[in-house]
Amino acid sequence: PLTLEEVRMLVELFYLPYHHGALAQELLEHFRWLRANSLSVGVPATAPDACGGMRWRGRAQSFQLLCARTCRLHSRFVSTAGRALLYDLHPYLWDIRNMLLAASAFVLWLGCQSITAPALLGRDAEPWARRGGLFGELQALLPVGNSCDLFYHPPPLFPSSQLYLLRPLLPLDKLGREGGGCCEVSQGLQAQLSRAPALPGRLLGSFLSLSPEYTFVLEDEGGPCGYAAGALHAEGFLQQRDSSWLPAIRHKYPPDLGTGGPALGQDALEEAVLFFHSEPLAVPQPVLRRFPSLVQLGTAPRVLDVGASRSLALCLLSALRANGSRGVFCQVSDADRQQLSFYSKLG
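Computed from a predicted structure; not experimentally measured.

Q: What should I look at first to understand the overall build of the protein chain in this one?
A: Helix and strand counts for the protein chain stand at 12 helices and 7 strands. Considering only intrachain contacts with a sequence separation of at least 6, the fraction spanning at least 24 residues in the protein chain is 75%. Accessible surface, the protein chain: about 17100 Å² in total, of which carbon and sulfur atoms supply 59%.

Q: Which parts of the structure should I look at to understand the pattern of salt bridges?
A: Once their charged atoms are close, side chains differing in charge can pair, the charge on each being opposite to the other. Taken as a whole and judged by the stated rule, the model has 8 salt bridges. One salt bridge connects Arg 167 with Glu 219, and the closest N-O pair in it is separated by 3.0 Å. With Arg 167 in strand 1 (residues 165-168) and Glu 219 in strand 4 (residues 215-220), this pair connects stretches of sequence that are 52 residues apart. Its relative accessible area of 9% is what places Arg 167 among the buried residues. Its salt-bridge partner being Asp 220, residue Arg 302 comes within 2.8 Å of it at the nearest N-O pair. Taken together, the residues span a long stretch of sequence, with Arg 302 in the loop between strand 6 (293-299) and helix 11 (306-322) and Asp 220 in strand 4 at a distance of 82 residues. Overall, the relative accessible area of 38% leaves Arg 302 in the partly exposed class. What you see here is one network of salt bridges that share partners, running through Glu 5, Arg 8 and Arg 69.

Q: How do you make sense of the packing of aromatic side chains when you look at a structure like this?
A: Describing an aromatic ring pair means giving the distance of the ring centres and the angle of the ring planes. Applying the stated criterion across every chain yields a total of 6 aromatic pairs. Between Phe 106 and Trp 109 the ring centres are 5.7 Å apart and the planes differ by 20 degrees, which places this aromatic pair in the stacked class. A residue pair is termed a helical-turn pair when its members lie 3 or 4 positions apart in one helix, as Phe 106 and Trp 109 do in helix 4 (residues 83-110) at 3 residues. Residue Phe 106 shares its accessibility class with Trp 109, and that shared class is buried. Measuring from centroid to centroid gives 5.5 Å for Phe 342 and Tyr 343, while their planes differ by 70 degrees, and the two rings are edge-to-face. Phe 342 sits in the buried class, given a relative accessible area of 12%. Note on Tyr 343: relative accessible area 14%, which makes it buried. An aromatic cluster is built from Phe 106, Trp 109 and Tyr 214, whose rings are joined through pairwise contacts.

Q: Help me understand the nonpolar core in this model?
A: In globular proteins that are soluble, nonpolar side chains generally tend to be buried together. Counting 64 residues, the largest nonpolar core has Leu 27, Phe 31 and Phe 216 as the members making the most contacts within it. A per-element tally of this core places helix 4 first, with 13 residues. Each of domain 1 (1-161) and domain 2 (167-346) contributes no fewer than three residues to this core. Membership of the second largest hydrophobic core comes to 15 residues, among which are Leu 204, Phe 207, Val 217 and Phe 329.

Q: In this structure, what is going on with the side chain of Gln 296? I would like to understand it.
A: The residue Gln 296 is located in strand 6 in this model. Judged by its relative accessible area of 16%, Gln 296 is buried. A polar side-chain atom of Gln 296 sits 3.2 Å from a polar atom in the side chain of Tyr 227.

Q: Mind showing me how you'd approach the side chain of Gln 339 here?
A: Structurally, the position occupied by Gln 339 is in helix 12 (residues 337-346). In this structure, Gln 339 is in contact with Tyr 227, Gln 296, Leu 297, Gly 298 and Val 332, ignoring residues within four places of it in sequence.

Q: Before we go on, may I ask you to explain the packing of helix 4 against helix 5 (residues 133-141) in this structure?
A: Two quantities define a packed helix pair, namely the angle between the helix axes and the distance between the axes. Running from amino to carboxyl end, helix 4 crosses helix 5 at an angle of 20 degrees, the nearest separation of the two axes being 9 Å. Relative to helix 5, helix 4 is oriented roughly parallel. The two elements helix 4 and helix 5 meet at a crossing, and its hand is left-handed. Between helix 4 and helix 5, the residues in contact are Asp 95, Ile 96, Met 99 and Leu 100 and Leu 134, Phe 135, Leu 138 and Gln 139, respectively. Its residues assigned to classes, the contact of helix 4 with helix 5 comprises 6 nonpolar, 1 polar and 1 charged.

Q: Help me understand the sheet that holds strand 5 (residues 223-231), please; the structure alone is not making it clear to me.
A: Backbone hydrogen bonds are what pair the strands of a sheet, in a parallel or an antiparallel way. Spatially, 5 strands are ordered 1-4-5-6-7 in an open sheet, and the strand pairing comes out mixed. The sheet is open, and its two borders are formed by strand 1 and strand 7 (328-329), each paired with just one other strand. Where strand 4 lies against strand 5, 6 bridges are found, and the strand directions are antiparallel. Counted as the bridge partner of Leu 218 is Gly 226 from strand 5.

How each quantity is defined
Residues numbered from 1 in each chain as written. Predicted model: local features only at pLDDT ≥ 70, side-chain atom pairs only at ≥ 80, totals over all residues. Heavy atoms only, no water. Helix = DSSP H or I, 4+ residues; strand = E, 2+ residues; numbered from the N terminus. Contact = heavy atoms within 4.5 Å. Areas by Shrake-Rupley, 256 points an atom, 1.4 Å probe, with all protein chains shown as cover. Salt bridge = Lys/Arg side-chain N within 4 Å of Asp/Glu carboxyl O. Buried < 20%, exposed > 50% of the residue type's maximum accessible area, 1.4 Å probe, protein only. Phe/Tyr/Trp six-rings, centres within 6.5 Å; stacked < 30°, edge-to-face > 60°. Core = buried A, V, L, I, M, F, W, Y, C linked by side-chain atoms within 4.5 Å. Domains from an automatic or database assignment. Polar contact = N/O pair within 3.5 Å; in protein donor to acceptor, adjacent residues only side chain to side chain. Axes fitted to C-alpha atoms, helices over the stretch in contact; angles between N-to-C directions. Parallel < 35°, antiparallel > 145°, perpendicular 65-115°, else oblique. Left-handed = near helix turned anticlockwise from the far one by under 90°. Nonpolar A, V, L, I, M, F, W, Y, C, P; charged D, E, K, R; others polar. Pairing = 2+ DSSP bridges.

In structure tokens:
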């Protein structure tokens, strides 16, 4: 059964309509402070005010721990609560879990050393546009604000106790070697996210080489199970991909490679090689002017909770918006049923 401490956490998350309990107040205070003081993250350790960066990282760690505790509470509640209580309260706790996954990953992203301090662009929404409670206040603090309501989904009919972790791409995710200009993902991410395990660049190679700072990884207890990747300035990204990254990859994977080895997965290998050697379609200028950023998302088939996919999208959009993007687009082949289905379910 739930412990007394876990019941207290549950009550504090949903205390009164206009008054939060101690846990919810602490989450909001940390997130507000971290967002308002994010400029101190990039201060060098030798600078006179370097203690500001240390303080920021200390509070970021406290916020991460609170988010993790709340996500564990969701998992425990699904596993132990009686059916009637579970179906009454699960929609609210599921919402909070998803929002904290995105908020936690966004704070981790803010703290990455390789990223210059972003100019946060959030602005106050009209009161009628905001949802109430802790969910609404956390949502309003993310750079995309209430626009993430475009991705609203009802909670799953069959609640799952699966724990998820959402985070930015880390140096440990890479194999530590450059292959033809392609930074390859770790073996776990390759095997579970790429339909062509021998060629992980098929899905993520260009983003990992040219825009790694906007790449996020979703993990469950089995390891990596989803990704979100983006390019802030799509026009420059696509030009660089076509002029330098693709030629290097084509040299590394010649056209006749697909006829070589069934052990690698013949169909997937041929598909990947064909992808590299086909000419990419040009993106019309009106699209680039209106939607200057490119995004790509995907999850493994075992991820049935659309809330986790939504958190991936929300985190990536927040990171792009924080650095000035005003719109995004994605490129999907009309023959790629898997991606079309994923984006359709996402909304």
